[in-house]
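Chain and residue survey
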Amino acid sequence: MRKNLTTSLMMASLLFSASSFAGMNSVAQCNDCSNTAALEAAKTLKSDNVYVVDFVNRTAKKYISDSNGNTVAANMTLGEITRLNQRFDYRKSYLHAVKN
């Protein structure tokens, strides 16, 4: 019984993490740029959720767009910054979320 529960939890976590990575396709790189430049980088991807990463300053910002095309900065969750750090693990730098 305990083995089945462990297996089920592992399978659920794998499915969740795979779907999380699929949802993080909208990532723009904007190294050592201003807030205005980061916003413009987010707008060029034309997606509902865009993550702008800055490897020089080791930061990440999240931008969301509404149905009217307005793009604004939003706060990132711990899960989102963790998934970004996992995605760019090969760079050997740890990104921090910028609070808005």
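Residues numbered from 1 in each chain as written. Predicted model: local features only at pLDDT ≥ 70, side-chain atom pairs only at ≥ 80, totals over all residues. Heavy atoms only, no water.

1. Topic: the pairing of strand β2 (residues 49–54)
Counting buried residues in β2 gives five out of six residues, a clear majority hidden from the surface. Sheet topology places strand β1 (residues 27–29) next to β2; three bridges connect them, and they run parallel. Bridged to glutamine 29 within β2 is valine 53. Tracing the backbone out of β1, into helix α2 (residues 35–45) and back to the parallel element β2 gives a crossover that is right-handed. Taken together, the six bridges between β2 and strand β3 (residues 59–65) define a ladder with antiparallel strand orientation. Directly across from valine 52, in β3, lies its bridge partner lysine 61. (Buried < 20%, exposed > 50% of the residue type's maximum accessible area, 1.4 Å probe, protein only. Helix = DSSP H or I, 4+ residues; strand = E, 2+ residues; numbered from the N terminus. Pairing = 2+ DSSP bridges. Right-handed = clockwise from strand over helix to strand, strands pointing away.)

2. Thoughts on the state of the cysteines
Enumeration according to the criterion identifies one disulfide in this entry. The disulfide that involves cysteine 30 links it to cysteine 33, with 2.0 Å between the sulfurs. You can call cysteine 30 buried: its relative accessible area is 11%. (Disulfide = S-S within 2.5 Å.)

3. Here's the deal with the nonpolar core
In terms of nonpolar packing, the biggest core is built from ten residues, these being Val27, Tyr51, Val53, Phe55, Ala60, Met76, Ile81, Leu84, Phe88 and Leu95. For this core, the secondary structure elements donating two or more residues are β2 and α3 (78–87). With eight residues, the next largest nonpolar core counts Cys30, Ala38, Ala41 and Tyr63 among its residues. (Core = buried A, V, L, I, M, F, W, Y, C linked by side-chain atoms within 4.5 Å.)

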